[in-house]
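Report on the structure
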Amino acid sequence: MKAAVIVFPGSNCDTDCWHVLRDVLNIQVDFVWHKETNVGGVDLVVLPGGFSYGDYLRTGAIARFSPVMQAVQEHARQGRAVIGICNGFQVLLETGLLPGAMLRNRSLRFVCKHIYVKTENVTSLFTNRLKHGEILKIPIAHGEGNYFCDEQTLETLEQNNRIAFRYCSEQGTLGDEFNPNGSLAHIAGILNERGNILGMMPHPERSSESMLGSGDGRKIWESILSAANV
Amino acid sequence: MFKAKIDVTLKKSVLDPQGQTVLQALHSLGYGTVDALRVGKHFEMTLQSEDRKRAESEIKLMCERLLVNPVIEQYTVELEELR
């Protein structure tokens, strides 16, 4: 399996993703600068977190027009895997590869802490190593992670099992007090219709080694790896 | 030459946490007369265009493609011909 981590001006989780893929999972991985026009025929594209283009206009709004995003869209169209983490999720929303949009956090604060998410989908290529209802401890770090979409879109997401993760308590209870940003239906991550694109606000690359306080995020990478090897 | 002023706000159906916080701050300053408040973005641009109609349609496209996220935002345009 081969992976590419896209680097936009302002990306700042790119090296973390690269490190986890290379050093923790032994995956062949390269950085791809946003001005490139192809992603090199890889199996997985990672859109990392950060503040691409300084979050100007709207988060992810300018990154969408980077030359490399044409290649990422073509890669996705071929059914290959794309994971967008944090700012990468925002880019996927602005690009239209995933439905909905991000609003400012309900608290108006940038929230940086470990939170818990509940696994809702266990069949996607990003979650096949997880159990239904499995609780993961993963950090978030964002000011705009308050997911929003219209009612019809939410219904479609719910009915088609496209909500991958929801914010929850340590025990797995859903509730406003366990939702760090006010996102609709406690959504932390969603899938596209075909199931080859995942956008999530929590950072699995910051929780793939137990020395960092949690190794739970590793299961997401392992799911991708096992799906690619089938 | 035209001058366009574009105002972008969150749709009525979308909660505006920033607007609510500003509203509460105004209330705490004693301005109880303020009922509702939305925070938005303002763009001003000048553009070369042959006529008003062309300028209008070009601005509409700019809004739809970049300046506005139609999932959460709405916009109004004020267009003025500069002589």
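Below, the structure is looked at part by part. (Residues numbered from 1 in each chain as written. Chains lettered and ligands numbered in written order. Predicted model: local features only at pLDDT ≥ 70, side-chain atom pairs only at ≥ 80, totals over all residues. Heavy atoms only, no water.)

**Quick word on the layout of surface pockets**
In this structure, the largest pocket occupies an estimated 440 Å³ of space. What lines the largest pocket is a set of 24 residues, and nearest its centre among them are R58(A), R104(A), E144(A), K41(B) and E73(B). Put simply, the parts of the chain that give the lining of the largest pocket at least two residues each are α3 (87-95) and β5 (101-103) of chain A together with β1 (2-10), α1 (17-28) and β2 (40-47) of chain B. Residues belonging to the lining of the largest pocket are distributed by class as follows: 10 nonpolar, 6 polar and 8 charged. (1 Å grid on protein atoms, 1.4 Å probe; cavity = no way out; pocket = protein on both sides within 12 Å on 5 of 7 lines; lining within 4 Å. Points joined across faces, edges and corners; volume = space filled by probe spheres on them. Helix = DSSP H or I, 4+ residues; strand = E, 2+ residues; numbered from the N terminus. Nonpolar A, V, L, I, M, F, W, Y, C, P; charged D, E, K, R; others polar.)

**Digging into the interface of chain A and chain B**
Across the boundary between the two partners, chain A contributes 16 residues, which contact 17 residues of chain B. Carbon and sulfur atoms make up 67% of the surface buried where chain A meets chain B, a total of about 1,300 Å² over both sides. Here chain A is connected to chain B by 1 salt bridge. Between R58(A) and E73(B) there is a salt bridge; the shortest N-O distance is 3.8 Å. Counting residues per element, the side of chain A that touches chain B draws most heavily on β5(A), at 3 residues. Looking at the side of chain A that touches chain B, its residues break down into 9 nonpolar, 2 polar and 5 charged. (Contact = heavy atoms within 4.5 Å. Buried area = accessible area lost by both parts, 1.4 Å probe. Salt bridge = Lys/Arg side-chain N within 4 Å of Asp/Glu carboxyl O.)

**Brief notes about the sheet that holds strand β3 (residues 73-81) of chain B**
Residue and element names in this part refer to chain B. The antiparallel open sheet is built from 3 strands, whose spatial order is β2-β1-β3. The two strands at the open ends of the sheet, each matched to only one other strand, are β2 and β3. For this sheet the average axis-to-axis angle between neighbouring strands, irrespective of direction, equals 15°. Pairing analysis gives 8 bridges linking β1 to β2, with the strands arranged antiparallel. The residue of β2 that forms the bridge with K5 is E44. Lying over the sheet, helix α2 (residues 52-67) contacts β1, β2 and β3, oriented at roughly 150° with respect to β3. (Pairing = 2+ DSSP bridges. Axes fitted to C-alpha atoms, helices over the stretch in contact; angles between N-to-C directions.)

**As for the pattern of salt bridges**
As enumerated under the stated definition, the model contains 14 salt bridges over all chains in all. Among the ionic pairs, E74(A) bridges to R77(A), the shortest N-O distance being 2.9 Å. A residue pair is termed a helical-turn pair when its members lie 3 or 4 positions apart in one helix, as E74(A) and R77(A) do in helix α2 (residues 67-77) at 3 residues. Assessed through its relative accessible area of 34%, E74(A) is described here as partly exposed. Residue R166(A) pairs with E158(A) through a salt bridge whose shortest N-O separation is 2.9 Å. By relative accessible area, R166(A) is classed as buried at 9%. Among the residues examined, E158(A) registers a relative accessible area of 37% and is labelled partly exposed. Sharing partners across several salt bridges, the network here consists of R58(A), E94(A), K41(B) and E73(B). (Buried < 20%, exposed > 50% of the residue type's maximum accessible area, 1.4 Å probe, protein only.)

**Some words on the sheet that holds strand β11 (residues 197-200) of chain A**
Residues and elements named next belong to chain A. Spatial strand order, β2-β1-β3-β4-β11-β10-β9-β6-β7: 9 strands in an open sheet with mixed pairing. Each having just a single partner strand, β2 (28-33) and β7 (135-142) make up the two edges of the open sheet. Strand-to-strand twist of the sheet, defined as the mean angle between neighbouring strand axes without regard to direction, takes the value 25°. As paired elements, strand β9 (residues 163-168) and strand β10 (residues 187-191) share 3 bridges and run antiparallel to each other. Considered in β10, the bridge of R166 is made with I187.

Fair warning: the whole summary comes from geometry, so function is off the table for now.
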